[in-house]
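Structure assessment
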Amino acid sequence: MTGIAPGSGTAHGRPREAQTAVELDEEFDAVLSECLGDAVQATGAYAGVVYLRSPDRRSLVLAKVAGLALSLVDQWSRVSVNGALPAPEAFRTGRTVFLADDGDTMRRFPQLALGMPYAFASASAPVRAGAETFGVVCVMWPVSPGHGLPSSRRRGLRAAAKRLGTVLAERLQRGAGIEYDGPPTLTPLPTSAFPLIRVGLFDWNVATDEFDADDEMCLLFGVDPADFDRRPATLAARVVSGGGRAFRDAAHSAVETGRVLAWRLQVQGADGVRRPLEVWGRVADNDYGGRSRHLVGAVLDLGTGAAAAEAAERLPHGVFSLDPEGRITYANRNLEGLLGVRLDDVLGKTPWEAMPWLADPSYEDRYRAAMLSQQPGSFLARTPRDRWLAFALYPDPYGLTGKVVRVEAPPSAADRADQPDTEAGTFAEPESEVAPPRLGAIYHVLQMAGALTEAVSVDEVCQAVSDQILPAFGGQEIAIYIVRDKRFFLARQTGYREGFLDRFEGVPLDASLPGVEALTQGAPIFFESAAELAAAYPGIPIDEMCAWGFLPLIASDRPVGSCILGFDRRHVFTPEERSVLTALSGLIAQALERARLYDAEFTLARGLQHALLPHRLPSLPHLEVAARYLPGTQGMEIGGDWYDVIDTGRAVALVIGDVEGHSVAAAGTMGQLRSAVRAFATGGHGPDWVVRCTNQLLADLDSELFASCCYIELDPLTGVADVVRAGHPPPLMCGADRQARVVEVTGGTLLGVDRNAEYPVTRLSLEPGSVLALYTDGLVEDVGADIDLGIERMRAALSHTRDASVAELAHRMLRDAGRLNERADDVAVLLTRWTGTEPSTGPH
């Protein structure tokens with residue numbers, strides 16, 4: 001295991017510039033193993049892992065694995081702390097994440113389900129001490145429909161994670177490393193008690209018939225060691241079968257020829273139980289280097305193991321056993337004929353390595369499914385001899401037992417007889433084989449595809465790429481360049497020192513640089529050391545990195561840009577890694593091209609929307625007015641929120657509205673309604689007439705869109721306000737006592753629903769200094785929460801604002817609603833203070 005040298009921790013949450021990985025001490029390894037074992041045992045799980053944070057704190061690195069083969073979790077060896085996965089979420093939130101089954105996983109973490117589409121339950125608990133989080137402990141257990149993890153086992157998991165957090169905190173205080181950047185290591189789980197193999201030793205002088213046996217051998221033969229008289233006949237009396245003259249002849253032959261004696265006996269012990277024993281012996285050398293007449297060796301009691309192997313050999317079908325890594329550890333003789341292989345050629349190999357026709361990833365996936373779900377599985381396969389075989393798999397945390405039987409061809413096989421059969425696996429000569437992609441590689445492609453589907457803008461695409469690629473491949477730097485006007489411009493970078501990339505900004509497409517040439521030549525360029533890069537591009541500036549990958553970003557034969565990866569140590573790019581990075585570069589290019597079009601269209605739509613809103617508010621006597629509009633930060637489309645302040649000649653109209661939906665059509669309808677309300681308001685009619693006519697107009701437009709609206713006609717001389725509401729949230733009013741309240745206004749239906757709808761008027765009388773607040777529902781609505789809670793939050797924000805201007809109040813309302821940075825919807829607020837006879841300070 002490798003980690004961080006003592007004293008190279010972080011200060012104030014920021015990683016130091018240089019951190020060196022060193023061998024972790026045995027104490028740390030033992031602590032991780034013990035706590036992981038406790039967590040697995042406490043939850044009744046069959047497997048578990050420990051993640052520790054990386055030195056740069058961008059990733060969680062897999063440090064310990066128990067109950068699973070490393071090959072089953074290699075695609076999860078490094079995950080981004082910002083990833084949409086259970087372990088990163090537990091790390092970020094400090095809360096334990098429970099997933100009851102594969103359906104729960106799909107709903108909450110679809111990216112995990114893409115990489116591990118198997119049925120298992122899991123729990124991920126943060127490893128923390130105080131306010132600091134060091135990593136995550138994750139455990140897995142078989143799905144049990146209708147049964148969750150009992151509270152006692154949840155407490156056990158949390159206790160194990162807490163205990164590990166306490167130990168790591170103590171190490172940190174001593175200046176020892178607690179961060180990790182090495183490969184995962186295995187921790188064995190306790191096994192069930194198996195009968196031990198018993199071994200007895202002997203020395204037999206065949207010439208004199210003197211027989212020396214240790215105590216264990218005497219006990220194996222059912223003889224009390226204290227009573228043994230050193231005569232072979234005493235032991236032979238216990239032999240039920242396999243002894244007698246045939247055994248003595250074999251022993252003499254071994255002495256004469258020097259061959260090894262191998263014999264099987266069956267003895268009956270003092271307890272009356274018969275047991276098979278194996279005898280192994282060889283001739284001992286004499287003092288002069290020649291052969292003596294002594295036969296020395298051992299007697300083995302294999303317990304039930306030998307009997308089990310004999311039983312498997314008698315079965316009419318094939319039986320095999322795989323270790324947790326998928327390697328064949330046992331196979332009976334019948335399997336040899338069924339598979340058409342020599343057993344000596346397949347032992348120690350995985351089935352898909354030993355037999356080319358099983359090299360399809362789908363077969364390996366069945367093994368992975370069985371091991372990760374701990375549920376039996378099966379599949380059909382066709383051999384090169386055109387035999388159809390049924391494989392049944394029976395897993396446990398220590399390996400897998402398989403059964404193979406010959407079956408009739410499935411009905412659909414005849415239809416494919418003349419077609420290449422990739423599912424069944426046709427035979428290919430070794431020199432013509434093409435290695436199928438491993439599932440870890442497929443996972444990275446699926447993971448990136450899943451992340452990019454959620455990114456819509458160029459910035460979001462670049463952020464997703466950075467979050468996915470660096471943790472997945474262990475890189476420290478990434479730079480994404482986009483081509484514009486036949487020049488390279490930086491879109492995003494992570495890890496580079498300030499100013500290093502400035503010299504490359506705006507370089508032309510004929511520049512002699514690896515990032516440019518990778519794009520113009522349409523092929524990735526890899527350098528596994530700084531010497532290779534310097535030799536290929538003499539004089540090129542080189543930062544602290546030691547290896548690089550330059551990936552061309554090309555979509556539909558159009559150059560989009562380049563993605564540059566940097567590694568802080570020498571990095572060997574395997575053929576699989578190069579293939580995966582090349583595939584990912586295609587996904588990135590397509591996402592960037594799509595995002596660039598979106599950004600251009602979105603900028604145009606936003607410009608249209610802003611053009612339809614007031615550029616400035618009028619300056620009116622006895623009134624202070626301020627408005628704020630903020631577009632949504634999530635999603636691809638624009639909204640239809642609007643506001644207006646209209647001097648009608650006899651009063652002032654305060655208007656706010658919201659057209660349903662988020663689209664250019666909604667923004668266009670918003671512009672039509674704003675123009676209509678302004679025209680109706682200046683016609684000399686009352687507010688109910690204005691809203692009624694606007695409703696009729698929207699119904700006549702046949703736009704299939706509805707809108708809400710709140711219209712207030714305020715007399716600035718008297719402070720009298722007439723309010724009409726059409727399906728819109730009620731206004732707020734803060735009086736001279738600085739206590740805000742919700743204005744109870746009788747409302748009408750949404751605009752556009754009923755052409756003949758009526759809209760009643762509610763009259764208010766304002767005190768000097770009173771503030772009226774109008775807002776759209778984006779300010780008060782939250783997913784899963786009652787809108788009344790949002791309105792109450794705004795009422796509280798408006799209260800106790802004695803000295804604040806209306807502009808400050810608008811900002812405070814947006815801030816208290818949490819809408820300044822992230823907004824799922826557009827937000828508009830319009831605030832008006834009636835000053836009475838005091839002079840106005842104008843619009844804000």
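These figures come from a predicted structure and were not determined experimentally.

**Some details on the overall build of the protein chain**
Each helix and strand counted, the protein chain has 22 helices and 39 strands in total. Counting every position in the protein chain, which comprises 844 residues, the buried fraction comes to 50%. For the protein chain, restricting intrachain contacts to residue pairs at least 6 apart in sequence, the fraction spanning at least 24 positions comes to 60%.

**Concerning the state of the cysteines**
Inspection of the entire model under this criterion finds zero disulfides. With no disulfide of its own, Cys462 has Cys563 as its nearest cysteine by sulfur position, at a separation of 8.7 Å.

**Regarding the sheet that holds strand 24 (residues 487-494)**
Strand order across the open sheet formed by five strands is 24-23-27-26-25, with antiparallel pairing between neighbours. Looking at which strands have only one partner, the edges of the open sheet turn out to be strand 24 and strand 25 (525-527). Averaged over all pairs of adjacent strands, the angle between strand axes in this sheet comes to 20°, irrespective of strand direction. Pairing of strand 23 (residues 477-484) with strand 24 involves seven bridges; the strand directions are antiparallel.

**Brief notes about a nonpolar patch on the surface**
A cluster of nonpolar residues, Ile197, Val199 and Leu201, forms a patch on the protein surface that exposes about 270 Å² of accessible area. Here Leu201 is to be found in strand 12 (residues 198-205). Using a relative accessible area of 49% as the deciding quantity, one classes Leu201 as partly exposed.

**Comments concerning the nonpolar core**
Of all hydrophobic cores here, the largest spans 55 residues; its most connected members are Tyr51, Leu68, Phe320 and Phe391. Among the elements that make up this core, the one with the highest residue count is helix 13 (residues 361-373) (six residues). Beyond its immediate chain neighbours, meaning those up to four positions away, Phe320 contacts Tyr330, Ala331, Leu335, Phe391, Leu393, Leu400, Thr401, Gly402, Lys403 and Val404. Grouped together as the second largest cluster of nonpolar side chains are 49 residues, Leu673, Met733, Leu766 and Ala828 included.

**Section: the pattern of salt bridges**
A pair can form between side chains of opposite charge whenever their charged atoms are brought close. Scanning the entire structure with this criterion turns up 33 salt bridges. For Glu278, the salt bridge goes to Arg264, with nearest N and O atoms at 2.6 Å. In this pair, Glu278 is assigned in strand 16 (residues 274-285) and Arg264 in strand 15 (residues 261-268), connecting sequence segments 14 residues apart. Three or more residues are tied together by salt bridges with common partners; here these are Arg53, Arg57, Glu132 and Glu179.

**Quick word on the pairing of strand 18 (residues 318-322)**
Counting buried residues in strand 18 gives four out of five residues, a clear majority hidden from the surface. Examined bridge by bridge, strand 18 and strand 22 (residues 399-407) share five bridges and lie antiparallel to one another. The residue bridging Phe320 from the neighbouring strand is Gly402, located in strand 22. Two strands pair when backbone bridges link them, and strand 18 and strand 19 (residues 328-331) are joined in this way by three bridges, in the antiparallel orientation. Residue pairing for strand 19: Ser321 is matched across the bridge by Tyr330.

**Side note on helix 2 (residues 86-93)**
Buried residues of helix 2: Pro86, Ala87, Pro88, Ala90 and Phe91, and no others. Gly94, located one to two residues past helix 2, shows a positive phi value of around 75°.

**Concerning the packing of helix 1 (residues 26-43) against helix 5 (residues 151-173)**
Contact pair helix 1 / helix 5: the axes reach a minimum separation of 7 Å and the direction vectors enclose 170°. Judged on the interaxial angle alone, helix 5 and helix 1 are roughly antiparallel. Between helix 1 and helix 5, the contacting residues are Glu27, Phe28, Val31, Leu32, Cys35, Asp38, Ala39, Ala42 and Thr43 on the first element and Arg153, Gly156, Leu157, Ala160, Arg163, Leu164, Val167, Leu168 and Arg171 on the second.

**Some points on the sheet that holds strand 19**
The antiparallel open sheet is built from five strands, whose spatial order is 19-18-22-21-20. Either end of the sheet is taken by a strand with one partner, and the two such strands are strand 19 and strand 20 (377-382). Averaged over neighbouring strand pairs, the angle between their axes works out to 25° when direction is ignored. Bridge count for strand 20 against strand 21 (residues 388-396) is six bridges, and the pairing is antiparallel. Along strand 21, the bridge assignment pairs Phe379 with Phe391. Relative to the sheet, helix 13 contacts strand 18, strand 20, strand 21 and strand 22, its axis offset from that of strand 21 by approximately 30°.

**Re the packing of helix 21 (residues 787-798) against helix 22 (residues 806-816)**
In contact at an axis separation of 9 Å, helix 21 and helix 22 are set at 140° when each is read in the N-to-C sense. Here helix 22 runs oblique to helix 21, going by the angle between their axes. Seen along the crossing, helix 21 lies across helix 22 with a hand that is right-handed. Contact residues: helix 21 offers Arg793, Met794, Ala797 and Leu798, while helix 22 offers Leu809, Arg812, Met813 and Asp816. For the contact of helix 21 with helix 22, the residue count by class is five nonpolar, no polar and three charged.

**A short note on helix 20 (residues 687-701)**
Working note: α-helix, 3.6 residues per turn, so residues spaced by three or four point in the same direction. Across its 15 residues, helix 20 extends 21 Å between first and last C-alpha, which sits within 8% of the 21 Å expected from 1.5 Å per residue. Along helix 20, the residues that are buried comprise Pro687, Val690, Val691, Arg692, Cys693, Thr694, Asn695 and Leu698. Against helix 19 (664-681), strand 31 (707-714) and strand 32 (720-726) lie the buried residues of helix 20. Within two residues after helix 20, Asp702 carries a phi angle of roughly 55°, on the positive side.

**Re the side chain of Ser708**
Note on placement: Ser708 falls in strand 31. Within the local environment of Ser708, its side chain forms a polar contact with the side chain of His728, the two groups lying 2.8 Å apart. Aside from chain neighbours lying at most four places away, what touches Ser708 is Trp642, Ile656, Gly657, Asp658, Ala726, Gly727, His728 and Leu750.

**Description of the environment of Phe526**
Relative to the helices and strands, Phe526 is located in strand 25. Under the relative-accessibility criterion, Phe526 is labelled buried at 12%. It is 4.5 Å that separates the C-alpha atoms of Phe526 and Gly549, two residues lying 23 residues apart in sequence. Look past the residues within four positions of Phe526 in its chain and what remains in contact with it is Glu532, Trp548, Gly549, Leu551, Phe573, Arg578 and Leu581.

Procedures and definitions
Residues numbered from 1 in each chain as written. Predicted model: local features only at pLDDT ≥ 70, side-chain atom pairs only at ≥ 80, totals over all residues. Heavy atoms only, no water. Helix = DSSP H or I, 4+ residues; strand = E, 2+ residues; numbered from the N terminus. Buried < 20%, exposed > 50% of the residue type's maximum accessible area, 1.4 Å probe, protein only. Contact = heavy atoms within 4.5 Å. Disulfide = S-S within 2.5 Å. Pairing = 2+ DSSP bridges. Axes fitted to C-alpha atoms, helices over the stretch in contact; angles between N-to-C directions. Patch = residues over 30% accessible without salt bridge, like charges linked within 9 Å, V, L, I, M, F, W, Y side chains within 5 Å. Areas by Shrake-Rupley, 256 points an atom, 1.4 Å probe, with all protein chains shown as cover. Salt bridge = Lys/Arg side-chain N within 4 Å of Asp/Glu carboxyl O. Core = buried A, V, L, I, M, F, W, Y, C linked by side-chain atoms within 4.5 Å. Parallel < 35°, antiparallel > 145°, perpendicular 65-115°, else oblique. Left-handed = near helix turned anticlockwise from the far one by under 90°. Nonpolar A, V, L, I, M, F, W, Y, C, P; charged D, E, K, R; others polar. Expected span 1.5 Å × (residues − 1). Polar contact = N/O pair within 3.5 Å; in protein donor to acceptor, adjacent residues only side chain to side chain.

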